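# Structural features, examined
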Amino acid sequence: MRRIQGQDLAAVLARCRQLPKRLALLGHFRDLCHAIAFAHSRGVLHRDIKPDNLFVTPARGKEHVKVLDFGIAKIVGDTSMDSFTKTGSIIGTPQYLSPEQAMGNPVVPASDLYSLAIVLYEMLTGSPPFQSDTTMKTLWMHAKEKPVPIFVKNPNIEVPKSVDLFLQKALMKEPEKRFESAIAFRRSLEAALAAHDAAPETVAVTALANTEQGVRVSAFDEET
């Protein structure tokens, strides 16, 4: 196997506690979308997109992200693994599973994109939208509960409304209501960021109770 230098995104996020540093990682989503789009174009569904499987590596003076661990990937139309991954079985990491995976239903390209949106949500708020003390409760939340808005999950920041709306679509329960491809996902995210840059607008956030909670600043202010 090829040996690459760097570290997985989970380690990077653990090290980058401050939001501005995490936001600098948004550029990596272009790499991720291209990689996932390439896999999907070859009929390969990853089925386990999560920070641990996204590897940040330096190349030509810049950082790039590679998608690793296709150990439970599935080829569209291939039935050779059906005895291991038949309908009704759960494959993947609970906190990042799409609703259809949580319910044991067939995966589609939109399933990987849902998981990628979970990664983005975690990057902005510090934790995935759905997690509980048991696997079954976490799966039920994916299947039935709406994600807590990012400005509620992390009330100490102002969140661009365009990005919040992007995540609402990306995390829809029904696959057909999400983005139809990784390229559409990337273009929509870029458009959301561009819309904020052109006319900054943030969603309403709750007031800080006291100064111990810190000072709220715009998440996309370069000075932060």
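Please read these numbers as outputs of a predicted model, since none were measured by experiment. For every chain, the first residue of the written sequence is number 1, and numbering continues from 1 along that sequence. Given that the model is predicted, a residue must reach a pLDDT of at least 70 before its local features are reported, and side-chain atom pairs must reach 80 or more before they are shown or counted; all residues, however, enter totals for whole chains, interfaces and linings. To obtain the side-chain values, all non-hydrogen atoms of the structure were used and water was disregarded.

The contact between helix α3 (residues 28-41) and helix α5 (residues 109-125) brings their axes to 11 Å, and the two run at 165 degrees. The pairing of α3 with α5 is recorded here as roughly antiparallel in orientation. Crossing handedness for the pair α3 and α5: right-handed. Contacts between α3 and α5 pair Phe29, Leu32, Cys33, Ile36 and His40 from the former with Pro109, Asp112, Leu113, Leu116, Val119, Leu120 and Met123 from the latter. Within the contact of α3 with α5, the residues separate by chemical class into ten nonpolar, one polar and one charged. To define axes, lines are fitted to C-alpha atoms, for helices over the stretch in contact only, and angles between the resulting N-to-C directions are given on a 0 to 180 degree scale. Helix and strand definitions follow DSSP, with helices as H or I runs of at least four residues and strands as E runs of at least two, each counted in order from the N terminus. For classification purposes, angles smaller than 35 degrees are called roughly parallel, those larger than 145 roughly antiparallel, those between 65 and 115 roughly perpendicular, and all remaining angles oblique. A crossing counts as left-handed when the near helix is turned anticlockwise from the far one by less than a right angle, and as right-handed when that turn is clockwise. What makes two residues a contact is simply this: any of their non-hydrogen atoms within 4.5 Å. Gly counts as polar in this scheme, as do all residues outside two lists: the nonpolar Ala, Val, Leu, Ile, Met, Phe, Trp, Tyr, Cys and Pro, and the charged Asp, Glu, Lys and Arg.

Now for the nonpolar core. Judged by nonpolar contacts, the single largest core of 42 residues is most densely connected at Phe29, Leu120, Phe166 and Phe185. Listed by contribution, the elements that provide at least two residues to this core are α1 (9-15), α3, β3 (54-59), β4 (62-67), α5, α8 (161-170) and α9 (182-198). Per-element tally for this core: the top contributor is α5, with ten residues. If we skip the residues at most four places from it in the chain, Phe166 touches Leu120, Phe179, Phe185, Ser188, Leu189 and Ala192. Buried residues of nine kinds, namely Ala, Val, Leu, Ile, Met, Phe, Trp, Tyr and Cys, make up a nonpolar core once their side-chain atoms join them within 4.5 Å. Three exposure classes are used, based on accessible area relative to the maximum for each residue type with a 1.4 Å probe and protein chains only: buried under 20%, partly exposed in between, and exposed over 50%.

Structural measurements only, silent on function.
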